[in-house]
Amino acid sequence: MVGSRAVEGLPASPVRGDTQPPHRPHTPRPATGCRSVVGAEQAEREEHLGMGGLERILEHLEGVKPTPSGEYAALCPAHDDHEPSLSLREAEEGKVLLHCHAGCDYQDILEAVGLDTKDLFPPHVENVVLWRSSDWRLTATYEVKDPEGRLVALHERLEKGADEKKYRWRLSDGRYGLDGMPLASLPLYGSERVKNWPREALIVLVEGEKATEALLKVGFRALGTVTGASGTPSAESLKMLRGRRVVLWPDNDEAGREHMERVAETLVDMAAEVRIYTWEEARSYA
Ligand SMILES: [Zn+2]
């Protein structure tokens, strides 16, 4: 498929971690040289492009502006864009590079303006190269730190369409995966905050970073497990809760409840107090 090729010299899609060299974390976009976007040089470049696809796409976009680096910025037609999130530029041989910083897929972008790669480049379909193309959008990056605040791993949330999601791990140096580190050994999400919380404070432990963030936002002192419901944080990961008052708040499903019950079994010997919160009212909607 045309859309899945990475461009030499351009960052591969972060979504396609399986093909990304492990030593190359999220590299910044390479500069495209020191071309000016005004004057004769620009005219020459456009002439060189001829019937190239870049102008064809630009014609269909709103808010088009040249940028100092010789690219174009425009409002992305594929999402509700209020400041230009779409970068466009041409590469060698009339290739067009599209990149929505909100993560829209290039096909969605073209479709939103009624274009198709086949319409755009009939003789050169193989030359339509996508800067970044994937159905998966990176929607959050959570930093998992130890109780002293050292970054241990990054947990990236990816979403596709309206209701598909997945997570993937990176090491603190940007490499994908956990290099054999067991999930159970990872610190709880938010561990670095605990040292600042009063000794007697009630701490809520939930499943996952997103739930943790939601509780933090409304003023709870919250931590999250990062193992998924099928895993269990190790005693080592939980020991920073020694002497603390902890409320376990499971996801409202069987796997979530079992997950927190296993956490409770470990915590009961170290925490000052362990309770499992059950939201009875939620059951009637389940
Ligand atoms: Zn977009």
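What counts, and at which threshold
All residue numbers refer to positions counted from 1 along the written sequence of the respective chain. Owing to the predicted nature of the model, reporting of local features is limited to residues with pLDDT of at least 70; listing and counting of side-chain atom pairs is limited to 80 or more, with chain, interface and lining totals taken over all residues. Any residue surrounded by 20 or more other C-beta atoms within 10 Å of its C-beta is treated as buried, while 12 or fewer makes it exposed and the intermediate range makes it partly exposed; C-beta atoms here are placed from the backbone. The helix and strand labels rest on DSSP assignments: H or I over at least four residues marks a helix, E over at least two residues marks a strand, and numbering proceeds from the N terminus. A pair of strands is considered paired only if DSSP assigns at least 2 bridges between the two. In this analysis, axes come from line fits to C-alpha atoms, helices being fitted only over the stretch in contact, and the angle between any two N-to-C directions falls in the range 0 to 180 degrees. With C-beta atoms placed from the backbone, a contact is any residue pair whose C-beta atoms sit within 7 Å.

**Topic: the pairing of strand β4 (residues 96-100)**
Item 1. Within β4, five of the five residues are buried, which leaves it mostly tucked inside the rest of the structure.
Item 2. On β4, burial covers both faces: Val96, Leu98 and Cys100 on one face and Leu97 and His99 on the other are all buried.
Item 3. As judged from the five bridges shared by strand β3 (residues 86-90) and β4, these two strands associate in the antiparallel manner. Its bridge partner lying in β4, Ser87 is registered against His99.

**Examining the sheet that holds strand β9 (residues 222-225)**
Item 1. Strand order in this open sheet of four strands is β9-β8-β10-β11, and the pairing throughout is parallel. Looking at the sheet topology across the chains shown, the edges are occupied by β9 and β11 (273-276). Taken over all neighbouring pairs, the strand axes of this sheet differ in orientation by 25° on average, direction set aside.
Item 2. In this sheet, β9 lies alongside strand β8 (residues 202-207) in parallel orientation, the contact comprising four bridges. The residue of β9 that forms the bridge with Val206 is Gly224.
Item 3. In the packing of helix α5 (residues 209-217) onto the sheet, contacts are made with β8 and β9, and the angle to β9 comes to roughly 175°.

**Concerning the environment of Ser85**
Item 1. Mapped onto the fold, Ser85 is located in the loop between β2 (72-74) and β3.
Item 2. Residue Ser85 is classed as partly exposed on the basis of its 19 C-beta neighbours within 10 Å.

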